[in-house]
Amino acid sequence: MNADSIITNAKVYTVDPGQPHAEAVAISGNRIAGVGTEAEIASLRGPNTEIIDGQGKTLLPGLIDSHFHLYMGSMGLGALQLEDVTSLAELSERIRQYVADHPNQLWIEGQGLAYNIVDSGQPITRHHLDAILPDRLIILRSIDLHTAWVNTIVLEQADIFHGRALPSPAEVVMGVDGLATGQLNESDAMSIVTDLMPQPSHSERLDLLRQGLARLATFGITSIHNMFGDSHQFELYAQLEEAGDLSCRLYVPYHFTPEMSVHAIEREAIPLRAAYQSDMLRGGSIKIFMDGVIESYTSLMLEPYANGSHSLGDALFTAEQFNEIAAQADQHGFQIKVHAIGDGAIRRTLDGFAHAQTVNGMRDSRHRIEHIELLHNDDLPRFTESGVLASMQPLHASRPDIGYYENWMHCVGAERYHAAFRWRDLRNVGVPICLGSDWPVVTMNPYAGMEAAVNQQAWGQGLVNQALTLEETLTGYTRAGAYAEFMEERKGMIRLGMLADLVLLDVDLFAIEPTALKEVRPLMTMCDGKVVYQQ
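Because the structure is predicted, anything quoted here is derived from the model rather than measured.

Reading guide: rules and limits
- Residues numbered from 1 in each chain as written.
- Predicted model: local features only at pLDDT ≥ 70, side-chain atom pairs only at ≥ 80, totals over all residues.
- Heavy atoms only, no water.
- Helix = DSSP H or I, 4+ residues; strand = E, 2+ residues; numbered from the N terminus.
- Rg over C-alpha atoms; globule rule 2.2 N^0.38 Å.
- Buried < 20%, exposed > 50% of the residue type's maximum accessible area, 1.4 Å probe, protein only.
- Contact = heavy atoms within 4.5 Å.
- Areas by Shrake-Rupley, 256 points an atom, 1.4 Å probe, with all protein chains shown as cover.
- Lys, Arg positive; Asp, Glu negative; His and termini not counted.
- Charge placed at Lys NZ, Arg CZ, Asp CG, Glu CD.
- Pairing = 2+ DSSP bridges.
- Axes fitted to C-alpha atoms, helices over the stretch in contact; angles between N-to-C directions.
- Parallel < 35°, antiparallel > 145°, perpendicular 65-115°, else oblique.
- Left-handed = near helix turned anticlockwise from the far one by under 90°.
- Nonpolar A, V, L, I, M, F, W, Y, C, P; charged D, E, K, R; others polar.
- Salt bridge = Lys/Arg side-chain N within 4 Å of Asp/Glu carboxyl O.
- Polar contact = N/O pair within 3.5 Å; in protein donor to acceptor, adjacent residues only side chain to side chain.

Student: Please explain the overall build of the protein as it appears in this structure.
Tutor: Check the secondary structure of the protein and you find 17 helices and 24 strands. Against the compact-globule benchmark of 24 Å for 535 residues, the protein has a radius of gyration of 23 Å, which places it among compact chains. Over its C-alpha atoms, taken along the principal directions, the protein stretches across nearly 80 × 60 × 55 Å. When the 535 residues of the protein are sorted by exposure, 59% land in the buried category. Within the protein, counting contacts between residues at least 6 apart in sequence, those at least 24 apart form 73% of the total. In the structure as shown, the protein presents an accessible area of about 20700 Å², 50% of it carried by carbon and sulfur atoms. For the protein, the distance from the average site of its 37 positive side-chain charges to the average site of its 68 negative ones is 4 Å.

Now the structure itself:
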């Protein structure tokens, strides 16, 4: 049978251990019809076969971002983007310009703001925001989306100026004067404010999701593991699929929150899994937040933070709660994905997975821990003992060589640097590591993530350099990502019969300097045999 298209004159890196390199790839329908030399693939050429010149550049399997927030990130595309703001002066200028460009907009919504933009190193407060604009409603979300800062008028309208009791670790942070400082920690606190804000219409939501999907295609990302899901989001994605607008494969979990009964698994998660099982949109996992983030002292630690407060942070679920949920979800065949950043949260999660295995017996569950920013050495071997996967995000890691995330390093303290972002240690003991971005917390650009993974430096003398090789990193964005969603027989490699998800880059990836990885861009992205982006 003749191929629909052939990509030739390419440096094909298949990520297939049995045949890692090739020169040409043939596609028929939505499948790989041939992988080999140009001469071998030429036999599949017919009169109507489209020939795509690879220009001597690298052709990879379509990239898989294993930790992504499509809905949240897309809904924020209209907000003021603050990732590059480094000072209060810059913040003031950016907000004032935004107001000038949107004179009739009552709410000023920003996202991506760093924790340490105040010169004194102290947190942002309502006083800082009042000095910029006291009479417009301002809410600015942090770079990790676990904290927000608002001005006084927002606190008053939300009726939290004098505080409000919330379940830990959510918090309306209070000042020594007995009034709210303007800092809101975690979603239960932030939602008090966001519930007051105007919400996009149904058609606007769909349009914003299309924008998010279009951005994914420009980076060669053809699959994402979404990290939040409910019936509303599944319905939106299904509408996009029905309209032919779903240009990326979505693996969507059911988000289980602390206030839910364990019966929600049977009542809601199981029906959603049954309803969505196409090649483009699938359920089948459950997502849980075990803790918050280190920068706001809301991650659960085994030893106190390095701020002198003797705080260990907190968890959203007690050990008993999580054990019960893990056992029930595992019994019903769900993969469990747990956000766990602090070493205490990671240990509690591993304990829960072990409990599920004791109750239900061993199976190929591929339960996952997301982030793993601080891992105690005693817990390292437990990943392989229980078959737990590591889902990690290279751009979250502090970089002592270029000064990323100084606030994270200050909260942890130098005595625990050895336990941070242990990609190499985990891989060395045989733990499968899938990689992703956590967009919109950081850029969705996977090549920036690759650069961070390959060029990571040891944090101090005598400490292990946790950097990955380029081949290991590419595996983390392809084959390991497919394995982490039970799809390793269908995607994640360029192999005969697999789904035709491909990305042609603008460079020979193995010929450039490692520091240039972040500048790489796709020339073409193909998902399900269709070109969804072309430069």
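Student: What is the right way to look at the pairing of strand E24 (residues 530-534) in this model?
Tutor: On any regular strand, side chains alternate: one points to one face of the sheet, the next to the other face. Sheet topology places strand E23 (residues 522-527) next to E24; four bridges connect them, and they run antiparallel. Residue Met526 lies in a different strand from E24, and its bridge partner there is Val531. Hairpin connection from E23 to E24: two residues lie between these consecutive antiparallel strands, with Asp528 at a positive phi of about 60°.

Student: Even after reading the chapter, I still don't get the packing of helix H10 (residues 319-331) against helix H11 (residues 343-360), so can you show me in this structure?
Tutor: A pair of packed helices is characterised by two quantities: the angle between their axes and the separation of those axes. With their axes 8 Å apart at the nearest point, H10 and H11 run at an angle of 45° to one another. On the basis of the axis angle, H10 is oblique to H11. The crossing of H10 and H11 is right-handed. Contact residues: Ala319, Phe322, Asn323, Ala326, Ala327, Asp330 and Gln331 in H10; Arg348, Thr349, Asp351, Gly352, Phe353, His355, Ala356, Val359 and Asn360 in H11. Considering only residue class, the contact of H10 with H11 consists of seven nonpolar, six polar and three charged.

Student: Honestly, helix H15 (residues 446-455) in this entry has me stumped. Any pointers?
Tutor: Because an α-helix completes one turn every 3.6 residues, residues spaced three or four positions apart along the sequence face the same direction. In terms of burial, H15 is largely enclosed, as ten of its ten residues are buried. When we look at burial in H15, the residues that qualify are Pro446, Tyr447, Ala448, Gly449, Met450, Glu451, Ala452, Ala453, Val454 and Asn455. Among the structural elements, strand E8 (63-68), strand E15 (221-226), helix H14 (423-428), helix H16 (470-476), strand E22 (502-505) and E23 are those in contact with the buried residues of H15.

Student: Just to check I follow, could you spell out the sheet that holds strand E6 (residues 50-53) for this structure?
Tutor: Strand pairing within a sheet occurs via backbone hydrogen bonds; the two strands may be parallel or antiparallel. Read across the sheet, four strands follow the order E5-E4-E1-E6 without closing on themselves; strand pairing throughout is mixed. Edge strands, defined here as strands with exactly one partner in the open sheet, are strand E5 (31-36) and E6. Here the strands of the sheet are splayed against their neighbours by 20° on average, with no regard to which way each runs. Note: strand E1 (residues 5-8) against E6, four bridges, orientation parallel. Within E6, the residue paired with Ile6 across the bridge is Ile51.

Student: So what exactly am I meant to see when it comes to the environment of Asn2 here?
Tutor: With respect to the helices, strands and loops of the structure, Asn2 is situated in the segment before E1. Remark: the alpha-carbon pair of Asn2 and Ala33, spanning 31 residues in sequence, is separated by 9.0 Å. Non-local contacts of Asn2, meaning those with residues more than four positions away in its chain, are made with Ser28, Leu44, Arg45, Gly46, Pro47 and Thr49.

Student: Help me out: how do you make sense of the pattern of salt bridges in this one?
Tutor: This model, assessed by the stated rule, comprises 22 salt bridges. Two residues, Asp330 and Arg363, come together in a salt bridge whose shortest N-O distance is 3.0 Å. Of this pair, Asp330 sits in helix H10 while Arg363 sits in the loop between H11 and strand E19 (368-371), and the two are 33 residues apart along the sequence. A relative accessible area of 31% places Arg363 in the partly exposed class.

Student: Looking at this structure, how should I read the environment of Asn307?
Tutor: Within the secondary structure, Asn307 sits in the loop between strand E17 (281-289) and H10. Assessed through its relative accessible area of 34%, Asn307 is described here as partly exposed. Reaching out from Asn307, the side chain makes a polar contact with the side chain of Ser309 at a distance of 2.8 Å.

Student: I tried to follow the pairing of strand E12 (residues 147-150) on my own but got confused; where do I start?
Tutor: Of the two faces of E12, the one lined by Thr147 and Trp149 and the one lined by Ala148 and Val150 are each fully buried. In this sheet, E12 lies alongside strand E11 (residues 137-142) in antiparallel orientation, the contact comprising three bridges. Its bridge partner lying in E12, Arg141 is registered against Ala148. A loop of four residues connects E11 with E12, the two strands running antiparallel in sequence, and Leu145 in this loop sits at a positive phi of about 65°. Bridging between E12 and strand E14 (residues 180-185) involves three bridges; their strand directions are antiparallel. Residue pairing in the sheet places Ala148 in a bridge with Leu184 of E14.

Student: How should the sheet that holds E15 be read in this particular structure?
Tutor: Overall, parallel pairing links the eight strands, which are arranged E8-E15-E16-E17-E18-E19-E20-E21 in an open sheet. Edge positions in the sheet fall to E8 and strand E21 (433-435), since each of these pairs with one other strand and no more. Ignoring which end each strand starts from, the neighbouring axes of this sheet average 25° apart. Pairing analysis gives four bridges linking strand E18 (residues 335-340) to E19, with the strands arranged parallel. Paired with Val338 across the two strands is Ile369, which belongs to E19.

Student: Just to check I follow, could you spell out unusual backbone geometry for this structure?
Tutor: Apart from glycine, the bulk of residues carry a negative phi angle, and the bulk of peptide bonds sit in the trans form. The peptide bond linking Ser168 to Pro169 adopts the cis configuration, its omega dihedral lying at 10°. On the secondary structure map, Pro169 appears in the loop between helix H5 (152-157) and strand E13 (171-174). Cis geometry is found at the peptide bond from Trp439 to Pro440, where omega equals 15°. Secondary-structure assignment places Pro440 in the loop between E21 and H15.

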